Amino acid sequence: MDPGPGAAPIQSDCETELETKTNRSSSLWSWWPSWRPTSMSLLKTTESKILACIKNDLWARFVTLVNQDRIWTLSLTNKGTPKFAEQAPKTPLVMVHGFGGGVGLWIRNLDALSRSRTVYAFDLLGFGRSSRPSFPSDAAKAEEQFVDSIEQWRQAVGLENMILLGHSLGGYLATSYAIQHPSRVSHLILVDPWGFPERAKPETQQSEDQGVEAVKRPTIPRWARAIVSILSLFNPLAVIRAAGPWGPGLVNRFRPDFKRKFEDLFDDDTMTQYIYHCNAQTPSGEVGFRAMSETLGWAKRPMLQRVHLLPPSMPVTMLYGARSWVDSSSGDRAAEIRGKAHTKVLLVDDASHHVYADQPDDFNKVVENICKSVD
């Protein structure tokens, strides 16, 4: 099934069956699904509009895992590159999106990065158009379910090794994968990765004179702690679903930056609609993320505690937006922990958390140079 360059992905009977099952699951999940103006079919339609911008050869399909979960996958190759039988194949680049995202967010990068090698991008299990199974509430088990799905995906696609790139949550999971399957990763690229630092503990000191505990930082008001406690009972994006027909408007209002980042490609709400449809479906990967995170989004199992488990022979590049909310000092700390192992930390000027969309030319150039260093 090859929709060809720039064409919308063709939907097979298997895809129709999957969407039917997903929608049925959604209807059982709550009493208001018909109130939410979304469906897997609408997500597919919106994504197809985005993927129509692609000029290189695009193959889009579901990859079925051993347990019958399906991972929505794109693979791109440069149709203008001569195929010489004697030419050694180049290590493919595999791109893993962040929380609440999907393959459509890479639209500024896919063509540029697939000029010299095959590029794969897939919707993480529980996100986008991939299957939305149940996730355990235990942080380690939820993380393992994500990582195991990536390894099953690799086996099903038939990749021996890859240049693995992950953004935000995708960076956290890519690192976990690289620790568990180091022989499969030629270079690990982490873009504004989530979940690396340990949550700072309130600094206290014992007063020698008064014998009482003095807190150095302001105490969080009781009402604020109460609100955080209540919000922690819900999935992070529950408000989008609860808003029903007002959900798309909420995304437009609170994330207008997504429209601006892609305004030269789309003069309408295509990208915010895509974000809405990705996240208004039955929560699944979102539940897994919640299991792995503490209040306010800290990781229960911070990756800085495990980054030393990456083999010294594995090159790692950590790419941060200079204006991102993610603190790049975690990258510096990771480099310290890895010692003499190749660990490079780069900042991209005038870029926020979504480096790949804010400064796509700079991002693509950095990634392309890394890929050339591999082969």
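Predicted, not measured: the structure shown is a model, and the values here were computed from it.

Calculation criteria
- Numbering of residues begins from 1 in every chain and follows the order in which that chain's sequence is written.
- Local features in this predicted model are restricted to residues of pLDDT 70 or higher, and side-chain atom pairs are both shown and tallied only at a pLDDT of 80 or more, whereas totals for entire chains, interfaces and linings draw on every residue.
- Calculation of side-chain values draws on the structure's entire complement of heavy atoms; hydrogens and water are dropped beforehand.
- Helix and strand definitions follow DSSP, with helices as H or I runs of at least four residues and strands as E runs of at least two, each counted in order from the N terminus.
- Exposure classes here rest on a 1.4 Å probe applied to the protein chains alone. A residue is buried below 20% of its type maximum, exposed above 50%, and partly exposed in between.
- The predictor attaches a confidence to each residue, called pLDDT, with possible values from 0 through 100.
- It only takes one pair of heavy atoms within 4.5 Å for two residues to be counted as in contact.
- Lines fitted to the C-alpha atoms define the axes, with helices restricted to the stretch that makes contact. Angles between their N-to-C directions range from 0 to 180 degrees.
- Crossing handedness is defined as follows: a turn of the near helix away from the far one that is anticlockwise and smaller than a right angle gives a left-handed crossing, while the clockwise case is right-handed.
- Residues are sorted three ways: Asp, Glu, Lys and Arg are charged, Ala, Val, Leu, Ile, Met, Phe, Trp, Tyr, Cys and Pro are nonpolar, and all the rest, Gly among them, are polar.
- We define a salt bridge as a side-chain nitrogen of Lys or Arg found within 4 Å of a carboxyl oxygen belonging to Asp or Glu.
- Paired strands, in this sense, are two strands between which DSSP finds at least two bridges.
- Given the number of residues in a helix, its expected span is that number minus one, multiplied by 1.5 Å.
- Think of a polar contact as two N or O atoms within 3.5 Å of one another; within protein, one of them needs to be a possible hydrogen donor and the other a possible acceptor, and neighboring residues in sequence only count if both atoms come from side chains.

Draft legend 1. Up close: the environment of Gly128. With respect to the helices and strands, the residue Gly128 is situated in the loop between strand E4 (119–122) and helix H4 (139–157). Judged by its relative accessible area of 1%, Gly128 falls in the buried class. Along the sequence, Gly128 and Asn279 sit 151 residues apart, while their C-alpha atoms lie 7.5 Å from each other.

Draft legend 2. A look at the confidence of the model for the chain. For the chain, per-residue confidence averages 84 on the pLDDT scale, and 79% of positions sit at 70 or higher. Across residues 1–33, where pLDDT falls below 50, the model places 65 contacts with residues more than four positions away in sequence or in other chains. Counting interchain partners and residues more than four positions distant, the pLDDT-below-50 stretch residues 227–231 has two contacts.

Draft legend 3. Quick peek at the environment of Pro236. Secondary-structure assignment places Pro236 in the loop between helix H6 (222–231) and helix H7 (238–242). The spatial distance from the C-alpha of Pro236 to the C-alpha of Gly297 is 9.3 Å, given a sequence separation of 61 residues. Excluding residues that lie within four positions of it along the chain, Pro236 makes contacts with Phe99, Glu286, Phe289 and Arg290.

Draft legend 4. Examining the packing of helix H2 (residues 40–51) against helix H10 (residues 270–279) more closely. At a minimum axis distance of 9 Å, the contact between H2 and H10 shows a crossing angle of 145 degrees. As H2 packs across H10, the resulting crossing turns out to be left-handed. Contacts from Leu42, Leu43, Thr46, Glu47, Lys49 and Ile50 of H2 reach H10 at Thr270, Met271, Gln273, Tyr274, His277 and Cys278. Residues of the contact of H2 with H10, tallied by class, amount to six nonpolar, four polar and two charged.

Draft legend 5. Summary view of the pattern of salt bridges. Going through the model one piece at a time under the given rule, you end up with 14 salt bridges. Among the ionic pairs, Asp375 bridges to Arg117, the shortest N-O distance being 2.8 Å. One end of the pair, Asp375, is in the segment after helix H14 (360–374); the other, Arg117, is in the loop between helix H3 (110–113) and E4, with 258 residues separating them in the sequence. By relative accessible area, which is 34% here, Asp375 ends up partly exposed. Of the charged contacts in the structure, one is a salt bridge between Arg154 and Glu151, with a shortest N-O distance of 2.8 Å.

Draft legend 6. Seen up close, the environment of Arg260. Considering the arrangement of structural elements, one finds Arg260 in helix H9 (residues 256–261). In this structure the C-alpha to C-alpha distance between Arg260 and Asp358, which are 98 residues apart in sequence, comes to 9.3 Å.

Draft legend 7. Molecular detail of the pairing of strand E2 (residues 70–77). Summarising burial for E2: seven of the eight residues are buried, a large majority. Where strand E1 (residues 57–64) hands over to E2, the hairpin turn is made up of five residues, of which Gln68 adopts a positive phi near 80 degrees. By the bridge criterion, four bridges tie E2 to E4 in an arrangement that is antiparallel. Opposite Leu76, over in E4, you have Val119 as the bridge partner.

Draft legend 8. Quick peek at H4. Taking 1.5 Å as the rise per residue, H4 with 19 residues should run 27 Å; its terminal C-alpha atoms sit 27 Å apart, in good agreement. Within H4, burial applies to Ala139, Ala142, Glu143, Phe146, Val147, Ser149, Ile150, Glu151, Gln152, Trp153, Arg154 and Val157. Regarding H4, its N-cap is Asp138, as a side-chain oxygen of that residue lies 3.2 Å from the backbone nitrogen of Ala140 further along.

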